[in-house]
Amino acid sequence: MDVRAQTSMMFHLDKCIGCHTCSVACKNIWTDRKGTEYMWWNNVETKPGTGYPTKWEDQEKYKGGWVPKEETIKLRVADKASTFANIFHQPHLPTIDDYYEPWTYKYSDLFDAPAGDDQPTARPISLITGEHMDINAGPNWDDDLSGSTVYANNDPNYEKLTEAEKQALSELERLVFFYLPRICNHCLNPACVASCPSGALYKRGEDGIVLLDQNVCRAWRFCVSACPYKKTYYNWKTGKSEKCILCFPRVESGQPPACFHSCVGRIRYFGVVLYDADKIESIASAPENELVERQREMILNPFDPAVIAQAEKDGVHFSVIEAAQKSPVYRFVKEWELALPLHPEFRTLPMLFYVPPLLPVLGHVENGVYDVDATDYFTSLDKARIPMRYMASLFTAGNEEQVRGVLEKLLTVRMYKRAEQVDDIDSAQVEAMLKKTGLTAEACEEIFRLTSLPTFEERFVIPPTHQEYTAELTVGDPYAFKAEVGVGGFKGSPERGW
Amino acid sequence: MTYDDLLFGVFPYLCIIIAILGSVWRFLSDRFSYSSLSSQFLETRQLFWGSVAWHYGILAVLTIHLVGFLFPETILSWNAEPMRLYVMEATGFTLALFTLGGLIMLIVRRFSSSRIRVVTSKMDIALLLFLLIQVATGVWTAMFYRWGSSWYAMYAVILNAFLLVLIVPFTRLVHFLSVPIKYIWRPHQIVRWNRRSPIIGA
Ligand code: HEM
Ligand code: SF4
Ligand code: SF4
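Everything numeric in this text was worked out from a predicted model, so none of it was measured. (Residues numbered from 1 in each chain as written. Chains lettered and ligands numbered in written order. Predicted model: local features only at pLDDT ≥ 70, side-chain atom pairs only at ≥ 80, totals over all residues. Heavy atoms only, no water.)

## As for the site of ligand 3
Residue and element names in this part refer to chain A. Lining the immediate environment of ligand 3, one finds Cys26, Trp30, Trp41, Asn42, Ile183, Cys244, Ile245, Leu246, Cys247, Pro257, Ala258 and Cys259. Looking at the shell around ligand 3, the elements with two or more residues in it are α1 (21-30) and α10 (258-262). Each residue belonging to the shell around ligand 3 can be placed in one class, and the counts come to 11 nonpolar, 1 polar and no charged. (Near = heavy atom within 4 Å. Helix = DSSP H or I, 4+ residues; strand = E, 2+ residues; numbered from the N terminus. Nonpolar A, V, L, I, M, F, W, Y, C, P; charged D, E, K, R; others polar.)

## Thoughts on the sheet that holds strand β8 (residues 201-204) of chain A
Reading across from one edge, β9(A)-β8(A)-β1(B) is the order of the 3 strands in this open sheet, with mixed pairing throughout. Looking at which strands have only one partner, the edges of the open sheet turn out to be β9 (210-212) of chain A together with β1 (191-192) of chain B. Here 3 bridges tie β8(A) to β9(A), and the two strands are oriented antiparallel to one another. From the neighbouring strand, A:Lys203 faces β9(A), where its bridge partner is A:Val210. (Pairing = 2+ DSSP bridges.)

## Side note on the coordination of the iron atom of ligand 1
Residue and element names in this part refer to chain B. Bound to the iron atom of ligand 1 on the protein side are His55 (NE2) and His175 (NE2), at distances that span 1.9 to 2.0 Å. What the 6 donor atoms of the iron atom of ligand 1 show is an angle range of 86 to 178° at the metal, which sorts the shape as octahedral. With His55 in helix α2 (residues 45-70) and His175 in the loop between α7 (155-167) and β1, the pair connects residues that are 120 residues apart, well separated along the chain. Look at His55 and you get buried, because its relative accessible area is 17%. A relative accessible area of 15% places His175 in the buried class. (Donors = N, O, S within 2.8 Å, 3.2 Å for Na, K, Ca; no water. Tetrahedral: all angles 85-135°; square planar, octahedral: opposite > 155°, others 65-115°. Buried < 20%, exposed > 50% of the residue type's maximum accessible area, 1.4 Å probe, protein only.)

## What to know about the sheet that holds strand β13 (residues 299-300) of chain A
Residues and elements named next belong to chain A. The strand order across the open sheet built from 5 strands is β13-β12-β1-β15-β14, with neighbouring strands paired in mixed fashion. Every other strand in the sheet has two partners, leaving β13 and β14 (340-341) as the edge strands with one partner each. With 2 bridges connecting them, β14 and strand β15 (residues 352-355) associate as antiparallel partners. Pairing of Leu340 across the sheet is with Tyr354, part of β15.

Okay, here's the thing in structure tokens:
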């Protein structure tokens, strides 16, 4: 056993209102520079939809993630030999058009246009070339199902659905959508790190944050192809790749990342979990339908004395173990088994988990009046408008029972609270659901509390960084770490080379 | 000292020394600027035809030249038999045309795509032109000075070649100094510990 701490995340999709505050917070801090205009380290997409970049989930197109090979796994994009063969031109690299061409408007025309009969207009101009352009794609072009004939209908997860199910999803009365906010998953088996020939990407040992060292990056751009979530981005201006840094400067000073901090719906939870690093390879190579369970298995119980002893032996500071004990992510993922990884079949062992949305059941129209069956409202999953198969394609590599199990638990909590607060549900029915899902009344109460009423400190449990230990290493030679942190070297301004 | 001494005895060594010192200096002082400066993200079709032909071609041609440069006897004794000489010449010539074709494509691309123009520096153009002169004169030598590969050298080709060596540290050519050979043997995953041991390079 090799116990390590991983900074982990949980997004509660039932709470996401799709306001994009997170995206804007991130953009304002990190990606407001030339060459990064098109990057959204945090993006929120409408599901069903094709997402950002378009059809990122389709690995036939992008070749991201890992695939099984004999007893173990290999990168889908290239093995080591083909890395060198494809380095001069990468067949599966997304281009700017798979995201969108960033633009602004030529506002000066509003003031400088010569007098005439027409109102002057500010025409869109490309932020890359400065030339006039026609906008035909943009961030969240398909928000709230707009253009769904093009976007929703081409959702890669639709492949798992029957024709009838697909048809039904585009009927006006059945339309349904939810939001999927995405950042880098800070994976335990990151494909970005593994694919970089220069070794520019790395995982931080102490907290598991995955970073990209731009002084080592040589723009071979394999990370962009290899990340199945398309969360590494190529800066066309500087000639270096970039990615979400989990706001490590904020985390190191005890603040949650900007997208977490600013989240209006308070859907985001942040905390460490302890895991067994010896199991990474074997679990990433597990059969597809076991991936979710096995990944959960890898997360260790921070209250178990044996785990604590081993963690301390492996150099995990006690304050980090304490933080793991208070981690809301641990509770949702491991204790209550409510949160699931996104597309576990990509085999990167993502450490951002999602509580899937409990979407409204299907109503019916009678005499021109839309109605939902009130008695069934809280009980029927089979009438949910999004087929279970779709959810399974997103969160459990196709295992429908697993998503159903999670959704049943969420329903049980609602029924339990409804019975308590409104008292219009038969208590026998609640008892039956508790029995079926294995939840206790106390667990329901705690899930309810941590879902609906958590304080800032309960949502974000950030372990101390212990800068004092790092500082200690420099005793004797204060310059020992020069050029290893921050922007190093003699000059080190992040500018494009000659 | 004759001009010949100066051009072929001093200049090449000067170029090599400046190239080495310059590259080291650039690596130490401005590591960020070491990059292949890929522009595939903005334009991929033309790059495929240009970059693949160019790189496969130039790397093969350079390897053959390097062998000829380091072990001239090997090449000469190989070429002693006419049939082998023909094979050598034919292969060399095909490779050279491949290289030249790729390079022309790269140059066309630099000018024809408006997105690519945005990421084209003056140095990029200068470099592509230097390379064009080099490859074109090389092909020309091979064509009109039968049989070129038995010749030790052609003046212009050699001088321009050393000029190219000289400008390596001042152009994007530094990218081939960072060929990531370490990838072949390093483990896939990389973990950097802040506390366990100092992080030296990567
Ligand atoms: C094994 C070594 C090499 C590797 C791995 C390599 C790789 C690359 C890569 C990835 C690019 C960027 C292509 C893109 O835009 O995506 C590039 C561009 C370029 N390389 Fe190389 N290269 C190597 C050797 C060389 C050599 C030996 C030369 C010349 C003597 C050379 C000349 C160039 C030039 C001129 C460009 C710019 C092409 C353009 O966009 O106009 N490369 N190389
Ligand atoms: S989500 Fe992508 S970029 Fe982030 S760690 Fe995983 S593989 Fe790397
Ligand atoms: S964690 Fe920070 S860098 Fe990453 S997406 Fe959120 S705001 Fe952006």
